[in-house]
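# Inside the fold
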Amino acid sequence: MELLDLDEVTRKCLNELTREEVSRSVSYAYEHELLWYGIDAVVHSHLMLMAQDISNGTLSNDKFIEKYGLDFDNQNDGFFAPLERIESNGIFIPQQAYWDEEGKRCDRRIHFFYDDYVNRVLRDGWVDKEYAMKLIRKKWQPSDLENRELVEQGIKFGRDMWKTCVEGFYRVNRKYPQPQKVTDFAEKLMTYYSALVF
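This one's a predicted model, so the numbers in the text were calculated from it and none came from an experiment.

### Focus: empty space enclosed by the protein
- Per the stated rule, a full pass over the model turns up one cavity of 30 Å³ or more.
- Residue lining of the largest cavity: Val42, Ser45, His46, Leu49, Ile91, Leu196 and Val197, and that is the complete set.
- Mapped onto the lining of the largest cavity, the elements with two or more residues apiece are α3 (24–50) and α10 (180–197).
- Per-element tally for the lining of the largest cavity: the top contributor is α3, with four residues.
- Among the residues forming the lining of the largest cavity, the class breakdown is five nonpolar, two polar and no charged.

### Topic: the nonpolar core
- Core analysis: the biggest nonpolar cluster contains 64 residues, and Tyr30, Phe64, Leu70, Leu145, Phe157, Trp162 and Tyr193 have the highest contact counts within it.
- Mapped by element, the contributors of at least two residues to this core are α3, α5 (61–68), β1 (79–82), α6 (83–87), β2 (109–112), α8 (129–137), α9 (148–175) and α10.
- With 13 residues, the top contributor of residues to this core is α3.
- Once residues lying within four places of it in the same chain are set aside, the contact partners of Leu145 are Met48, Ala51, Ile54, Asn61, Phe64, Ile65, Leu70, Phe72 and Val151.

### As for the packing of aromatic side chains
- Enumeration over the complete set of coordinates arrives at 14 aromatic pairs.
- Relative to Tyr68, the ring of Phe64 has its centre 4.8 Å away and its plane inclined at 55 degrees; by these criteria the two rings are tilted. Of the two residues, Phe64 and Tyr68 both sit in helix α5, four residues apart, roughly one turn of that helix.
- Pairing Trp126 with Phe157 gives two aromatic rings, centres 5.2 Å apart and planes at 65 degrees, and the pair type is edge-to-face. One end of the pair, Trp126, is in the loop between α7 (118–121) and α8; the other, Phe157, is in helix α9, with 31 residues separating them in the sequence. The two residues Trp126 and Phe157 agree in class, both being buried.
- Ring pairing ties together the aromatic residues Tyr37, Phe72, Phe79, Phe112, Phe113, Tyr114, Tyr117, Trp126, Trp140 and Phe157, which thus form one cluster.
- Against the face of Trp36 rests Arg108, its NZ or CZ located 4.4 Å from the ring centre.
- Seen from the ring of Phe80, Arg109 lies directly overhead, with NZ or CZ sitting 4.2 Å from the centre.

### Comments concerning the side chain of Arg108
- Mapped onto the fold, Arg108 is located in the loop between α6 and β2.
- In terms of polar contacts, Arg108 uses its side chain to reach the backbone carbonyl oxygen of Trp36, at 3.1 Å.
- Apart from the residues within four sequence positions on either side, Arg108 is in contact with Leu35, Trp36, Ile39, Asp40, Ala81, Pro82, Leu83, Ala97 and Tyr98.

### Considerations on α3
- In this model α3 runs just 32 Å from its N-terminal to its C-terminal C-alpha over 27 residues, more than 12% under the 39 Å that 1.5 Å per residue would give.
- The largest bend along α3 measures about 50 degrees and falls at Glu31.

### A short note on the state of the cysteines
- Tallying each qualifying case throughout the model produces zero disulfides.
- The thiol of Cys165 is unpaired, and the distance to the nearest cysteine sulfur, on Cys106, comes to 19 Å.
- Residue Cys165 is classed as buried on the basis of its relative accessible area of 0%.

### As for the packing of helix α1 (residues 8–15) against α10
- Where α1 meets α10, the axes come as close as 10 Å, and the angle between the chain directions of the two elements is 125 degrees. With respect to α10, the element α1 is oriented oblique. For the crossing formed where α1 meets α10, the hand is left-handed. Counted together, Thr10, Cys13 and Leu14 of α1 and Phe185, Ala186, Lys188 and Leu189 of α10 form the full contact between these two elements.
- Residue classes in the contact of α1 with α10 are distributed as five nonpolar, one polar and one charged.

Thresholds, definitions, all that
Residues numbered from 1 in each chain as written. Predicted model: local features only at pLDDT ≥ 70, side-chain atom pairs only at ≥ 80, totals over all residues. Heavy atoms only, no water. 1 Å grid on protein atoms, 1.4 Å probe; cavity = no way out; pocket = protein on both sides within 12 Å on 5 of 7 lines; lining within 4 Å. Points joined across faces, edges and corners; volume = space filled by probe spheres on them. Helix = DSSP H or I, 4+ residues; strand = E, 2+ residues; numbered from the N terminus. Nonpolar A, V, L, I, M, F, W, Y, C, P; charged D, E, K, R; others polar. Core = buried A, V, L, I, M, F, W, Y, C linked by side-chain atoms within 4.5 Å. Buried < 20%, exposed > 50% of the residue type's maximum accessible area, 1.4 Å probe, protein only. Contact = heavy atoms within 4.5 Å. Phe/Tyr/Trp six-rings, centres within 6.5 Å; stacked < 30°, edge-to-face > 60°. Lys NZ or Arg CZ within 6 Å of the ring centre and 35° of its normal. Polar contact = N/O pair within 3.5 Å; in protein donor to acceptor, adjacent residues only side chain to side chain. Expected span 1.5 Å × (residues − 1). Bend = angle between axes of the 7 residues up to and from the residue. Disulfide = S-S within 2.5 Å. Axes fitted to C-alpha atoms, helices over the stretch in contact; angles between N-to-C directions. Parallel < 35°, antiparallel > 145°, perpendicular 65-115°, else oblique. Left-handed = near helix turned anticlockwise from the far one by under 90°.

Below you can see the structure in the form of structure tokens.
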């Protein structure tokens, strides 16, 4: 599958935003709705879309798990994947998405169908809440990636969560305006991610 690309100037400008410019105290809409939940939503949609290769017979389950570094050894629900593995598949991720509280690069792992996402599902913009709650409460196993219906629900989950992030970005930015420069580049990033998700 060929992915859309984000122009080099926008990539460079997004990556050059400073820690101060993207902090929650200055750019809450960008940091919270896009760098955090937004990237999680895009990654959910993308990984589950790629998992269709398993049920289509073009990639084995084991090879898929190895390719994305999936970890199902979790005491809670869901499973994990390193964000870098998704990025290496051709999706642009702003460097700040990897920063810890001190602004140092860390190995961010995405927790798929994490129970923290309940706060997204409960928003008014998320219409079909029942399937989403089942995915969050599910004890995921590697064999679940072979289930076409679950994978399609996973794609929908990412799309529905992304919608809440876009809505949240504009709602929060109206209430707590961030620098126009950050908003301008964030909107380009949202256009790019929306094209990937939908």
